[in-house]
Amino acid sequence: MKIKFAIAATVFCALGAMVAAPARAAFTFDIQPSYGDELTIHMRNYEPLISGVPGTNLYGVLIIDQIINATTSQTAWAASDHTTASSNPGELTGVFNNYTLISSGTTGDIYFTGGNVNIFYDSTPDAVTTGNLVAAGTNLNPDPTGKFGNGTSFLTTVGQVGGFVDNPLTLLVNESLATLFTHVNSGTTASFGFRGTGTGLLSVTGGSNASTFNGNSQTAGADLEINTTLRGAGSGLNPAFYPVLSSDPIATLFTAPEATSIAAWSFLSLAGALVMRARNKRVQS
Ligand SMILES: [Ca+2]
Ligand SMILES: [Ca+2]
């Protein structure tokens, strides 16, 4: 599953928080994004096959590979950095749950509502190797080994509606309630023939980096935009328990339009609207 989070940032606030919080001294970005930069957070995501029964929940665990400044094409943080003690950034991992299925079936268009995605910073990495999830998770506890949900809270988010419009032709699904959508192309088992793509929205609710990611710049004022790409986990992290994997890293697009830019854009939009009205008036007269 590939999740692209599009996030608006108040980076100055985040940098202030990093300086003020001694507990986070072990974790710093290798480069500091400037206000207005876009960050892309890549992560792998592991989850079970869904049942296809409305009312059941989707859950799983995730590992962040790297954070890239898309504006400068520089790597801000990479999991591989913890191979050297001097640059040990710990690990960024997470758990997600409470995505409740509102559609029916395991193939075609699949919609979820609700959802919690929580990311943790762990100064002593323990979830970086494959095959280390040795028990089946549940929606209540997606991380029974405690390796993905341990550490300090880096970011907490909830699924947000507003990304989808209800289609009156699909009478059994109210798409406007959806916070996450997936289209499964083929297959109902976690074979390599299993493929899916999707999208969703998240709203930031807390965590040490909440102010960094709480930008309200996405569709419906969401903070993060999700883009998913699913496939069978194959030899990934214990596929017996979480057989579905992101085929691409999850990407977080971190957008931070400056207040002056927003004001200028709004003014230009207003000016454009006024010109359009003037033109319409000329056409009518
Ligand atoms: Ca951990
Ligand atoms: Ca927000």
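Because the structure is predicted, anything quoted here is derived from the model rather than measured. (Residues numbered from 1 in each chain as written. Chains lettered and ligands numbered in written order. Predicted model: local features only at pLDDT ≥ 70, side-chain atom pairs only at ≥ 80, totals over all residues.)

Novice: Explain the pairing of strand β7 (residues 152-159) to me, using residue names and the numbers behind them.
Specialist: Judged from the 6 bridges that link them, strand β6 (residues 108-122) and β7 form a sheet pairing that is antiparallel. The residue of β7 that forms the bridge with F120 is S153. The sheet contact formed by β7 and strand β9 (residues 195-206) spans 4 bridges and is antiparallel. Paired with T157 across the two strands is V204, which belongs to β9. (Pairing = 2+ DSSP bridges. Helix = DSSP H or I, 4+ residues; strand = E, 2+ residues; numbered from the N terminus.)

Novice: Can you lay out the nonpolar core for me, pointing to particular residues and giving the numbers?
Specialist: Within soluble globular proteins, side chains that are nonpolar tend to cluster in buried spots. Formed by 51 residues in total, the largest nonpolar core has its most connected members in V61 and F112. The element contributing the most residues to this core is strand β3 (residues 57-69), with 8 residues. Excluding its chain neighbours within four sequence positions, the residues that come into contact with F112 are L58, Y99, T100, L101, I102, A178, T179 and L180. (Core = buried A, V, L, I, M, F, W, Y, C linked by C-beta atoms within 7 Å. Buried ≥ 20, exposed ≤ 12 C-beta atoms within 10 Å, placed from the backbone. Contact = placed C-beta atoms within 7 Å.)

Novice: With reference to specific residues and values, describe unusual backbone geometry.
Specialist: Backbone geometry places N98, a non-glycine residue, at a positive phi of 65°. Relative to the assigned elements, N98 resides in strand β5 (residues 91-101). By C-beta crowding, N98 is classed as partly exposed, having 19 other C-beta atoms within 10 Å. Positive phi outside glycine occurs at A220, with the angle close to 60°. With respect to the helices and strands, the residue A220 is situated in the loop between α2 (210-213) and β10 (224-232). For A220, a count of 12 C-beta atoms within 10 Å corresponds to the exposed category.

Novice: Lay out the pairing of β3 with the relevant residues and their values.
Specialist: The element β3 is largely enclosed, with a buried count of 10 among its 13 residues. Examined bridge by bridge, β3 and β5 share 6 bridges and lie antiparallel to one another. By the bridge assignment for β5, I63 is matched with T93. Of the strand pairs in this sheet, β3 and strand β4 (residues 74-78) are connected by 4 bridges, and their pairing is antiparallel. Across the sheet, I67 pairs through a bridge with W77, a residue of β4.

Novice: Go over the environment of N174, please, and point to the residues and values.
Specialist: With respect to the element layout, N174 can be found in the loop between β7 and β8 (180-186). On the basis of neighbour count, N174 is assigned to the partly exposed category, with 17 C-beta atoms found within 10 Å.

Novice: Quick rundown of the confidence of the model for the protein chain? Include the residues and the values.
Specialist: The predicted model of the protein chain averages 72 in pLDDT, with 62% of residues at 70 or higher. Between residues 82-86, whose pLDDT stays under 50, and residues either more than four places distant or in other chains, the model counts 5 contacts. Under a pLDDT of 50 for its full length, residues 255-285 has, in the predicted model, 20 contacts with residues more than four places off or in other chains. (pLDDT = per-residue confidence, 0-100.)

Novice: Summarise the environment of G114; cite the residues concerned and give the values.
Specialist: Relative to the assigned elements, G114 resides in strand β6. Setting aside chain neighbours within four positions, we find G114 in contact with N98, Y99, T100, G159 and T179.

Novice: Give me the lowdown on the environment of T113, citing residues and values where you can.
Specialist: With respect to the helices and strands, the residue T113 is situated in strand β6. Look at T113 and you get partly exposed, because 19 C-beta atoms sit within 10 Å. Leave out the neighbours within four places in its chain, and T113 touches T100, I102, L177, A178 and T179.

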